[in-house]
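Reading the structure
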Amino acid sequence: MKNYISILMIALLVLSCSKNDDTNDVIPDAEHKIVGKWQNIAFMDDVAPLEWEQVENGEIVEFYATGEIGPLSDPNECTSLTYQVNETDGQDDEINYYCDGVLTKTLIFEINAMDELIIKYALEHRKFTRVTSEN
C-alpha cells in the first residue's frame, strides 16, 4: 500500500510541474513568418490602373528574430531600427517601426499564399519576395 501511495505522490508531483510558457523567446506567429531577408520586387500606387509595377534590383530588408531590422536605409537617421508585430483578427497584421526606441510608423502587412510580403503604406503598396541562399 505504501508503494502505491508513493507512486501516486510522485506521479502527482511530476504532473503538477510544467514548462514555463512565459518566456521572451517565443516569437508570435506573424513575427515568425516575417523573420528573414526580403527583396522589393514590385510596387503599386493608389492611382488607376491598379497594377503591380516591377522593380529591378529592389532594396533588401531583413527582419531579425531579435526585433531588429537591417540594413538601415539611412544610418544618419537612426542608430537602431526595430520592429514589433501586432497580430489582428483580420487577414492583415500591423508592424510598428521604431527609430531609436521611438515609434515612427505603423504599416499593414500580409504574407500571401505565394510567400510574398505585401506592405501597405498610405497610398503605396510594396511587394517583397523572400531571399534565399540560392538567390
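Refer to the structure printed above.
Computed from a predicted model, the values in this text were never measured in an experiment. What you see as residue numbers is a count from 1 along each chain, following the sequence as written. The predicted origin of the model limits local features to residues at a pLDDT of at least 70 and limits the giving and counting of side-chain atom pairs to 80 or more, whereas totals for whole chains, interfaces and linings rest on all residues. Side-chain figures throughout are based on the complete set of non-hydrogen atoms in the structure, without hydrogens or water.

**Re the overall build of the protein**
Short version of the rule: Strands here mean DSSP runs of E at least two residues long; helices mean DSSP runs of H or I at least four residues long; both are numbered from the N terminus. Burial classes follow relative accessibility: with a 1.4 Å probe on protein chains only, a residue under 20% of its type's maximum area counts as buried, one over 50% as exposed, and anything between as partly exposed. Throughout, a contact is declared for two residues whenever any of their heavy atoms are within 4.5 Å. Using the Shrake-Rupley algorithm and a 1.4 Å probe, accessible areas are obtained, with residue cover drawn only from the displayed protein chains.
Along its length, the protein carries two helices and nine strands. Reading the secondary structure of the protein in the N-to-C direction produces α-α-β-β-β-β-β-β-β-β-β. Of all 135 residues assigned to the protein, the portion counted as buried reaches 26%. Of the contacts made within the protein by residues no fewer than 6 positions apart, 38% connect residues no fewer than 24 positions apart. Accessible surface, the protein as shown: approximately 9,800 Å² in total, 53% of it carbon and sulfur.

**Structural notes on the packing of aromatic side chains**
Definition in use: Only Phe, Tyr and Trp rings take part, Trp by its six-membered ring, and two of them pair if their centres are within 6.5 Å. Stacked means planes under 30 degrees apart, edge-to-face means over 60, and tilted covers everything else. Put simply, a charge is over a ring when the Lys NZ or the Arg CZ is close to the ring centre, within 6 Å, and near the line of the ring normal, within 35 degrees.
All told, the structure shown has one aromatic pair when counted by the stated rule. Seen from their ring centres, Phe63 and Tyr83 are 5.1 Å apart, and the 85 degrees between their planes marks the pair as edge-to-face. Residue Phe63 is located in strand S3 (residues 60-63), and its partner Tyr83 is located in strand S5 (residues 81-86); the two are separated by 20 residues in the primary sequence. Of note, Lys105 hangs over the ring of Tyr97, and the distance from its end group to the ring centre comes to 5.7 Å.

**Some thoughts on the state of the cysteines**
Short version of the rule: In this description, a disulfide is simply a cysteine sulfur pair whose atoms lie within 2.5 Å.
Scanning the model with the defined rule gives one disulfide in all. Here Cys78 is linked by a disulfide to Cys99, with a sulfur-sulfur distance of 1.9 Å. Between Cys78 and Cys99, the S-S dihedral sits near -120 degrees, and the bridge is therefore left-handed. Pair noted here: Cys78 is in the loop between strand S4 (69-70) and S5 and Cys99 is in strand S6 (residues 93-99), with a separation of 21 residues, a long-range link. Note on Cys78: relative accessible area 8%, which makes it buried. Owing to a relative accessible area of 14%, Cys99 belongs among the buried residues under this scheme.

**Here we look at the side chain of Lys127**
Spelled out, the test is: When charges are counted, Lys and Arg contribute as positive and Asp and Glu as negative, whereas His and the chain ends are disregarded. Throughout this description, the term salt bridge denotes a Lys or Arg side-chain nitrogen within 4 Å of a carboxyl oxygen of Asp or Glu.
By secondary structure assignment, the location of Lys127 is in strand S9 (residues 124-130). Despite being buried, Lys127 has no salt bridge partner; Glu116 is the closest side chain of opposite charge, sitting 4.0 Å away. Apart from the residues within four sequence positions on either side, Lys127 is in contact with Gln39, Asn40, Ile41, Ala42, Trp52, Glu116, Leu117 and Ile118.

**Some remarks on the pairing of S3**
Using the following cut-off: Paired strands, in this sense, are two strands between which DSSP finds at least two bridges.
Taking every second residue as pointing to the same face, the buried face of S3 carries Val61 and Phe63, while none of Ile60 and Glu62 on the other face is buried. By the bridge criterion, four bridges tie strand S1 (residues 36-45) to S3 in an arrangement that is antiparallel. Within S3, the position partnered with Gln39 by the bridge is Ile60. In this structure, S3 lies alongside S4, joined through two bridges in antiparallel fashion. Each bridged residue has a counterpart across the sheet, and for Glu62 the counterpart in S4 is Gly70.

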